[in-house]
Amino acid sequence: MAGKKAATLPRKEYEKELLRLQTELVKLQEWVRASGTRLVVVFEGRDAAGKGGTIKRVSEHLNPRVARIAALPKPTERERTQWYFQRYVEHLPAAGEIVLFDRSWYNRAGVEHVMGFCTKEEHQLFLRQCPIFERMLVEAGVLVRKYWFSVSDTEQQERFRKRLEDPLRRWKLSPMDLESITHWEAYSRAKDEMMVHTDISEAPWYVVESDDKRRARLNMIAHLLSSVPYHDVPPPVLELPERPASTGYQRPPRDLQTYVPDHAASL
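A quick note: this is a predicted structure, and the numbers were derived from the prediction, not measured.

## Things to note about the environment of Ser104
Along the chain, Ser104 falls in the loop between β3 (97–102) and α5 (111–114). A relative accessible area of 0% means that Ser104 is categorised as buried. As a C-alpha pair, Ser104 and Pro131 span 27 residues in sequence and 14 Å in three-dimensional space. Not counting chain neighbours up to four residues away, the residues in contact with Ser104 comprise Val42, Glu44, Tyr84 and Tyr88.

## Focus: unusual backbone geometry
One non-glycine residue with positive phi stands out, namely Ala48, at about 65 degrees. If you trace the backbone, Ala48 turns up in the loop between β1 (38–45) and α2 (51–59). When its relative accessible area of 7% is taken as the criterion, Ala48 is described as buried. Unlike most non-glycine residues, Arg103 shows phi in positive territory, near 70 degrees. With respect to the secondary-structure elements, Arg103 resides in the loop between β3 and α5.

## Some points on the packing of helix α6 (residues 120–139) against helix α9 (residues 184–198)
How two helices sit against one another is set out by the angle between their axes and by the gap between those axes. The interhelical angle for the contact between α6 and α9, taken along N-to-C directions, is 40 degrees, at an axis separation of 9 Å. When the axis of α6 is compared with that of α9, the two are oblique. As for how α6 packs across α9, the hand of that crossing is right-handed. Contacts from His123, Gln124, Leu127, Cys130, Pro131 and Glu134 of α6 reach α9 at Glu193, Met194, His197 and Thr198. Broken down by class, the residue content of the contact of α6 with α9 amounts to four nonpolar, four polar and two charged.

## A word on the pairing of strand β4 (residues 142–150)
Within β4, seven of the nine residues are buried, which leaves it mostly tucked inside the rest of the structure. Looking at chain direction, β1 and β4 are connected through eight bridges and run parallel. In the strand pairing of β4, Val41 is matched with Arg145. Two elements, β4 and strand β5 (residues 205–209), share five bridges in a ladder whose sense is parallel. The residue bridging Trp148 from the neighbouring strand is Val207, located in β5.

What counts, and where the lines are drawn
Sequence positions are assigned chain by chain, starting from 1 and proceeding in written order. Note on the predicted model: pLDDT of at least 70 is required for a residue's local features to be given, and 80 or more for side-chain atom pairs to be given and counted; whole-chain, interface and lining totals, by contrast, use all residues. Side-chain figures throughout are based on the complete set of non-hydrogen atoms in the structure, without hydrogens or water. Labels follow the DSSP assignment, with helices taken as runs of H or I lasting at least four residues and strands as runs of E lasting at least two, numbered in each case from the N terminus. The rule is simple: take the accessible area with a 1.4 Å probe, protein chains only, and divide by the maximum for that residue type; under 20% is buried, over 50% is exposed, in between is partly exposed. Contacts were defined at the residue level, with two residues in contact if any of their heavy atoms lie within 4.5 Å. For helices, the fitted line uses only the C-alpha atoms of the stretch in contact; every axis is such a line through C-alpha atoms, and the angle between N-to-C directions lies from 0 to 180 degrees. For classification purposes, an angle smaller than 35 degrees is called roughly parallel, one larger than 145 roughly antiparallel, one from 65 to 115 roughly perpendicular, and anything else oblique. Put simply, a crossing is left-handed when the front helix is turned counterclockwise from the back one by less than a right angle, and right-handed when it is turned clockwise. Put simply, Ala, Val, Leu, Ile, Met, Phe, Trp, Tyr, Cys and Pro go in the nonpolar bin, Asp, Glu, Lys and Arg in the charged bin, and everything else, Gly too, in the polar bin. Pairing between strands is defined by DSSP: at least two bridges between them are needed.

And the structure:
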């Protein structure tokens, strides 16, 4: 990241603003649902750039029936023979839905290209077709927001080291992640070429500086909210009904059912 690194945002300030923004995300969700809007949010960036943590905060309080995460595994042999964008199309939102792409069709511009998982011809075809594909989505009324999480090489290295040492996060590391360290400049060139071809006015890229994860999360969510013309949707009027009088029901004896042991009592 160019320039002097900003001081880490204090946790108290971060959590207060995050809660406010998450409250607004719920309002956005209800507007999407009520208006029949289709919203696609693409999260891209280097390994350990902070995409997953941000997606978690975006979706934390949302209804999974409205807002879902699309994190596709590597393509099957059958999918390899399809039109490249085909398997992503089936995950696009219907009316009243939000889809958060944890990596997306841009795999072809990054890891597939750098690691040789696609041919040069396939890569060039992607760069030609991707802007057409995204313009088609926008012309069809889909809101498309694309975020690139930018992390410095030193910060990425430190995050990899922490993941190696943390048993709760060790699963986040793969041999491919570690191999990306030795291809830093190749990934940089691939990203620059991708931006030249796919940073289009209909679906521009927005770069999120993510050496400070807290700032990155707040900045990304605030930008998303500011870019969508949502408004408050009045919730339905609900009243808690009175519990009806008992009609003589009796709960079965406890010894007829198997209960989970009280592990908490041993603490």
